[in-house]
Amino acid sequence: MSTRSGRVPRGRARRRVGTVVRLIAALILAGGLYAAFAPGVYAEEDPQLSQAAKDGKAIFDNTCVSCHGRNAQGVTDRGPSLIGVGSASVEFQVTSGRMPLARQEAQAERKPPYWSDPEELDQNARLLGQYIQELGGGPQVPDGNLRAEGGNTLARGGELFRVNCSSCHAFSAGGGALSSGKFAPSMAAATDRQIYAAMLSGPQNMPVFGDNQLTPDEKREIITYIQNLKEDKDPGGWGLGRIGPVTEGLAIFVVGVVAVVFAALWIAGKS
Amino acid sequence: MSTIGSERSHTAGAGDTAHHSGGQPDIDVHDPSLSRFELVREGARRDGVEIVHYAPRFPIPGTKAERRIERTIALLFLLTGVAGLAFVVIFVAMRFAYTPGTNSAKLFTPLLGVTFGVALLTLGAGIIMWAKKLLPEEVAVEKRHLGGSPPDDKKIMGAQLGHIAEETAISRRPLLKGALLLGLAPVGVAAVVLPIAPLIKDPHGRGDPLLHTGFDPEYNNGNPVRLVREDGTGIRPDDVSAGGQMTVYPGIPHGATNFWADSPTLLIHLREADAAVARSNLARIPLNAPTPDNPDGGMWQNFIAYSKICTHLGCPASLYEQQTNRLLCPCHQSQFLITDNAKPIFGPATRRLPMLPITVDDDGFFVARSDYQVPIGPAFWERS
Amino acid sequence: MRKRKFDLNALPAAAGNEIDDRLHAATPLRKLMNKVFPDHWSFLLGEVALWSFVILLLTGTFLTLFFDPSMEETVYNGSYTPLRGVSMSRAFASSLDISFDVRGGLFMRQMHHWAALLFVAGIIVHMFRTFFTGAFRKPRELNWIVGLLLFWIAIFEGLFGYSLPDDALSGTGLRIMNAIVLSIPVIGSWIAFAGFGSEFPGTEIIPRFYTLHILLLPALLVGLVTVHLVLLLLQKHAQWPGPGRTNYNVVGERMVPRYASKMGAFFLINFAVIAIMSGLFQINPIWIFGPYKAAVVSAGSQPDWYVMFLDGSARLFPAWEIRAFGYTLPPIFWPAVVLPGILTVLPMIYPFIEARRLKDRRVHNLLQRPRDVPNRTALGVMAIAFYVVLVLSGGNDIIADQFSISLNATTWAGRIGLLLGPPIAYWVTYRICLGLQQHDREVLVHGVETGIIRRLPDGRFMEVHQPLGPTDEHGHGQLEYAGWAVPKKMNRLGALVPTVKGFFFPVERPSRTPIGNGGRPVSTGPQGQRELEEAERPR
């Protein structure tokens, strides 16, 4: 198994009510704690943690430990080890609400984050990230502006987007289906940092785009293109969800054919 | 649906002239006492059309209801004018140059559509109302002749055709028939060959393009071809993270352009455990299998490269799922298992994605050991 | 010099005389103007296609003024900033110019595209009208075949147009077309190389498609549309049965002015619908797709809706490849070459199959209600079910994504649906047709349900029925079924509330009499009792 053994069992325990999940989580937490203590080797406190990481560890032990285990070493069939995933991964998963996971299914979905207050969310995500970072290193999202400037930014970003991203997320960044119930999510709600973090860390089935493959500048160009694409109002009227021929075909029947048939009924009607 | 019978009863008083049945002798059209409508009806009758019911919508002209309809139609036509004017003004005066974001230029096309559409819609609606509400209502019956022409005409036509054959006497003159056929045959062949022949190209001609891609050393002076990015730069193993993938092109001139549309390749860096599975599966396919002088087989360490061109219909199969190690083609949903020589595991594809045998050259860049060993992309007849 | 008096009022007559002296047109023109057309909304569906085609010719001509069908590489330098500096073909660059740098160009492009979608949609609904009403029967088989040819040419015309801008979506479509041609046994690769001029993509295909798209196929379409209309004029339009309507006449309105003005107005309304859609709904945003690059693709890549059924069949067909003696028959050959072939030939010979099966050599100018021919109607609905499953499967990845269904499950649903859906559709339609027929006969025999419940002297209750015409001694109606709608509600008989005229709002006042003078309610004596027993008797 790889370090990211986050392969989710394909069983569809879908319609579990939240309380049941929490109950099971609590039971497994107990088991997980036991398992974490049993090897005894990694159980010691690491004295070299910074203050921020210690704060992060406190949050971790409160909200994440049930699945990812003590010191983030993972729990078999519950959650993968987080050693070496880096703060980028933490930031992506936590700020997009994917973690904590609501239930085990084909893939984690974006949902309202654990902390509803954006500042608190940001703060806690960074603390958690710091903790995971100090545990095992890994990719980090740089601070500061993640947009690129300059004349051909959009064009270059667009070319990179179309070669690397659109095959799964579609030209419109609206997402698309993958095999067996998995999907590439829509980027409609994705922030600059989330997109950057996703490219760096390759969450779930997304391939990793390391800094040697797409340089930080190239990542910034892609982000600039995506955000511009999302904000750019369609010049030709309503974009029909930018889905393409499927919604266009639907529109010609629902609007076009219905309208002309209505007109035909009026013309041929007796009165 | 109302019927003729009922409409007749509706207008018993209105159009007494409309109730003549057919079959009367032609009237004298120069009779000055005839009204215009009587002439029209006579014309229709001569064309086999009987106007059986004809009545004004408003027997008493100028009623309130009639004027209301007139006003409505007039309003529609005026709206046409207003919308048409708005269209012209918008078309001529409005700024439409592309500007990113939300701005008034984005309203140019919608406003054109709405004003133009409303102008046509109101014009059309006005005409329909005019035709339906103001024009006198009419029911006309046209005779229809069933089947073929009258027997006399059929007979005459038959005789005429037979006569033509007789005149040329083609059956009596076998020499002429044969000579004509012999003369026409080459002309016919020429007529077919002339437009088609210039189009014919031997698909297995120069370079046998269906069997070779840009990774063939032949296109690189016999040297192994590097795997390069779109901008032509080479790729080192460090450049692709584990769990990552990169679209690569042959490192030859114009290698990343559509001229080499058969060459885009997906270079995948498998995670350690997945790579072990992939390596153990290599032996299943002789072409990819390790050999004594090449113990890695088609792979290089944890790197594996497959043609990006789907073996079903040629779309780029590039939806790489790094945990399940599946590669999905977005056009027809064929799914390939990366860790088992890209075996098709779902969907309409029948063949594995061809593997590009790779290694790393002395400068530390990925190169293709050879070209693809089977034709890439969709299958065709002479592909074994 | 004496000034000749110029009489303005006499001018039209004089001009008419002069023209007729030269053209001898008075009689044929009058014949044409007196042509009678029957009036029914479903007869206007073909006009939807006709008028869309006219709009396509108008907008298409405009687009040719600015489009450059060349696959030569160029660097875009127009006003759409996100693509500035990107290398692309001149075809794509000029399509972008039409969209962003030609005043009204985007509007024209969108009208052209929407009109194309409506064109094929109009053809299809018109075709189903023709099929379900039996309008394809003798003497109109030839026009049915011409119509089918028009349908297929229209699809190819649309497909070629979709391929012209050389955006990433159309390039992907071209590549699929190339693969489909390659799959043809023996000569596939030869045809592909003849068409593309080299291995895919080459530099020839877009210029060639352009010639086909703006010259050859439109000329064919114009020619066949003319044949279609001339045949219609010669054979005269079929009509619904009804009082006064026979196989030997056409009942309706003369062409000029009523029918012609309505036709003209319908053209305007078609144009208006397309214009409004083109303003409000964006179609085919090629600037988002970007230029075609062989390595670029997008999730959710589809052809336009009218080709989607072929894309669906390509998705559903199982991975069955035939390899023998060193040769390959790719699986795509069956769903993308053989299936369209069957779909072309089968409907073309259907009129003859049906006539042969029914040993029917008569001429039919009266249409049939779909319920009266359950077998044909069920076959038609079966074909629709087959088609709809294929179309939906052509977008199954979008369906999977939008409704959070597994992609693999949608594929299997399509495969199973394609096998089970049509027979089920056949059976259900057949039963519905029989049920509707039965109800018609019931109303003819027993009359319309009035909703009035009577209590019989012996205490039982029964509903009073209003017979449609004179009754026999059992109280049963004697009207024959005439192949046309049987009134089933009292207000259809002018009773209770009469049929109220007016399309948008009533133009006449409903009468106040509860029962009209059309007939009297059936008596409730022994006759009514018999009726009740009649109704309870098992059939």
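Just so we're clear, the structure is a prediction, and the values are computed from it rather than from any experiment.

Asker: Kindly report on the overall build of chain A, identifying the contributing residues and their values.
Answerer: Looking only at helices and strands, chain A features 10 helices and two strands. By the burial criterion, 51% of the 271 residues in chain A qualify as buried. Taking the contacts inside chain A whose residues are at least 6 apart along the sequence as the reference set, 64% of them involve residues at least 24 apart.

Asker: Provide a residue-level description of the overall build of chain C, including the pertinent values.
Answerer: If you tally the helices and strands in chain C, you get 17 helices and eight strands. Projected onto its principal axes, the C-alpha coordinates of chain C cover approximately 95 × 90 × 45 Å. Burial statistics for chain C: of 539 residues in total, 54% are counted as buried. For chain C, the computed accessible surface area is about 24,700 Å², with 66% contributed by carbon and sulfur atoms. Of note, chain C has its 50 positive side-chain charges centred 8 Å away from the centre of its 39 negative side-chain charges.

Asker: Can you explain the state of the cysteines? Please cite residues and give values.
Answerer: In this structure the tally under the stated criterion is one disulfide over all chains. Bridging B:Cys315 to B:Cys331, the disulfide has an S-S length of 2.1 Å. In this structure, the disulfide formed by B:Cys315 and B:Cys331 twists by about -95 degrees around the S-S bond and is classed as left-handed. Placement of B:Cys315 in the loop between strand E6 (303-307) and strand E7 (319-321) and of B:Cys331 in the loop between strand E8 (326-328) and strand E9 (335-337) is noted, with a sequence separation of 16 residues between them. B:Cys315 gets classed as buried once you look at its relative accessible area, which sits at 1%. In this structure A:Cys64 is a free cysteine whose sulfur lies 8.8 Å from that of A:Cys67, the closest cysteine sulfur available.

Asker: Residue-level account of the pairing of strand E4 (residues 249-254) of chain C, with values.
Answerer: Counted residue by residue, E4(C) has six buried out of six residues, so it is predominantly covered. The pairing of strand E2 (residues 137-143) of chain B with E4(C) spans four bridges and is antiparallel. Looking across to E4(C), one finds that B:Lys143 is bridged to C:Asn249. Across two bridges, strand E1 (residues 36-37) of chain C lies against E4(C) in antiparallel orientation. Bridging across to E4(C), C:Val36 finds its partner in C:Arg254.

Asker: A description of the sheet that holds strand E5 (residues 265-269) of chain B should follow, citing residues and the corresponding values.
Answerer: All names here are of chain B. Taking strand neighbours across the sheet as the criterion, the four strands line up as E3-E4-E5-E6 in an open arrangement whose pairing is antiparallel. Each edge of the open sheet is held by one strand with a lone partner, namely strand E3 (227-228) and E6. Pairing of E3 with strand E4 (residues 244-250) involves two bridges; the strand directions are antiparallel. Across the sheet, residue Leu227 finds its bridge partner in E4, namely Pro250.

Asker: Which residues make up the interface of chain A and chain C, and what values do they have?
Answerer: Listed per partner, the contact involves 55 residues of chain A and 64 residues of chain C. Roughly 5,000 Å² is buried in total at the junction of chain A and chain C, and carbon and sulfur atoms are behind 72% of that figure. The tally of links between chain A and chain C comes to one salt bridge. A salt bridge links C:Lys293 to A:Glu159; the shortest N-O distance between them is 3.3 Å. Taken together, the connections running from chain A to chain C amount to 14 residue pairs in polar contact (both at pLDDT 80 or more).

Asker: Please give an account of the packing of aromatic side chains that cites residues and values.
Answerer: Aromatic ring pairs are reported here in terms of the distance separating the ring centres and the angle at which the planes meet. Here the structure, examined in full by the defined rule, presents 50 aromatic pairs over all chains. Judged by centre distance (5.7 Å) and plane angle (80 degrees), the rings of C:Phe131 and C:Phe132 are edge-to-face. Arranged with centres 5.3 Å apart and planes meeting at 70 degrees, the rings of C:Phe151 and C:Trp152 form a pair that is edge-to-face. C:Trp152 shares its class with C:Phe151; the two are buried. Grouping aromatic residues by their ring pairs yields a cluster made of B:Phe87, B:Phe91, B:Phe116, C:Trp51, C:Phe107, C:Phe267 and C:Phe271.

Asker: Pulling in residues and values, what's your account of the interface of chain B and chain C?
Answerer: With 92 residues of chain B at the interface, the matching set in chain C holds 102 residues. Summed over both sides, the interface between chain B and chain C buries roughly 8,300 Å², with carbon and sulfur atoms accounting for 63% of that surface. Scanning the region where chain B abuts chain C turns up seven salt bridges. A salt bridge links B:Asp47 to C:Lys31, with the nearest nitrogen and oxygen atoms 3.9 Å apart. Our count for the contact surface shared by chain B and chain C stands at 32 residue pairs in polar contact (both at pLDDT 80 or more). Secondary structure elements with two or more residues in the side of chain B that touches chain C: helix H2 (36-46), strand E1 (49-55), helix H3 (64-93), helix H4 (108-134), E2, E4 and E8 of chain B. Looking at which element gives the most residues to the side of chain B that touches chain C, the answer is H4(B), with 18 residues. Classifying every residue of the side of chain B that touches chain C gives 57 nonpolar, 19 polar and 16 charged.

Asker: Would you mind going over helix H5 (residues 118-136) of chain A in detail, with residue names and values included?
Answerer: Residue and element names in this part refer to chain A. An ideal rise of 1.5 Å per residue puts 27 Å on 19 residues; H5 measures up with 27 Å between its terminal C-alpha atoms. Of all the residues in H5, the buried ones are Leu121, Asn124, Ala125, Leu127, Leu128, Gly129, Tyr131, Ile132 and Gln133. Its buried side turned inward, H5 meets helix H2 (51-63) and helix H4 (86-95). At the C-terminal side of H5, Gly137 shows a positive phi close to 70 degrees.

Asker: Can you lay out the domain arrangement of chain C for me, pointing to particular residues and giving the numbers?
Answerer: All names here are of chain C. Segmentation of chain C into domains returns domain 1 (35-241 + 251-305 + 331-367), domain 2 (369-446) and domain 3 (448-535). Just the C-alpha atoms count here: the centres of domain 1 and domain 2 sit 26 Å apart. Listed by partner, the interface residues are 18 residues for domain 1 and 16 residues for domain 2. Across the domain 1/domain 2 interface, buried area totals approximately 1,300 Å², and carbon plus sulfur atoms make up 64% of it. Summed over the shared surface of domain 1 and domain 2, the result is one salt bridge. If you look at where domain 1 meets domain 2, you find four residue pairs in polar contact (both at pLDDT 80 or more). When residues of the side of domain 1 that touches domain 2 are traced back to their parent elements, those giving at least two are helix H5 (105-132) and helix H13 (333-358). Across the side of domain 1 that touches domain 2, the residue classes tally to 10 nonpolar, five polar and three charged.

Asker: Account for the pattern of salt bridges, naming residues and giving values.
Answerer: Going through the model one piece at a time under the given rule, you end up with 45 salt bridges over all chains. A salt bridge links B:Glu42 to B:Arg46; the shortest N-O distance between them is 3.0 Å. With a gap of four residues between them, B:Glu42 and B:Arg46 both fall in helix H2, about one helical turn apart. According to the relative accessible area criterion, B:Arg46 is partly exposed, its value standing at 41%. As a salt-bridge pair, B:Arg279 and B:Glu272 come within 3.9 Å of each other at their nearest N and O atoms. B:Glu272 sits in the exposed class, given a relative accessible area of 52%. By sharing partners, the salt bridges in this structure join A:Glu91, A:Asp122, A:Arg126, A:Asp143 and A:Arg193 into a single network.

Cut-offs and rules
- Residues numbered from 1 in each chain as written.
- Chains lettered and ligands numbered in written order.
- Predicted model: local features only at pLDDT ≥ 70, side-chain atom pairs only at ≥ 80, totals over all residues.
- Heavy atoms only, no water.
- Helix = DSSP H or I, 4+ residues; strand = E, 2+ residues; numbered from the N terminus.
- Buried < 20%, exposed > 50% of the residue type's maximum accessible area, 1.4 Å probe, protein only.
- Contact = heavy atoms within 4.5 Å.
- Areas by Shrake-Rupley, 256 points an atom, 1.4 Å probe, with all protein chains shown as cover.
- Lys, Arg positive; Asp, Glu negative; His and termini not counted.
- Charge placed at Lys NZ, Arg CZ, Asp CG, Glu CD.
- Disulfide = S-S within 2.5 Å.
- Pairing = 2+ DSSP bridges.
- Buried area = accessible area lost by both parts, 1.4 Å probe.
- Salt bridge = Lys/Arg side-chain N within 4 Å of Asp/Glu carboxyl O.
- Polar contact = N/O pair within 3.5 Å; in protein donor to acceptor, adjacent residues only side chain to side chain.
- Phe/Tyr/Trp six-rings, centres within 6.5 Å; stacked < 30°, edge-to-face > 60°.
- Nonpolar A, V, L, I, M, F, W, Y, C, P; charged D, E, K, R; others polar.
- Expected span 1.5 Å × (residues − 1).
- Domains from an automatic or database assignment.

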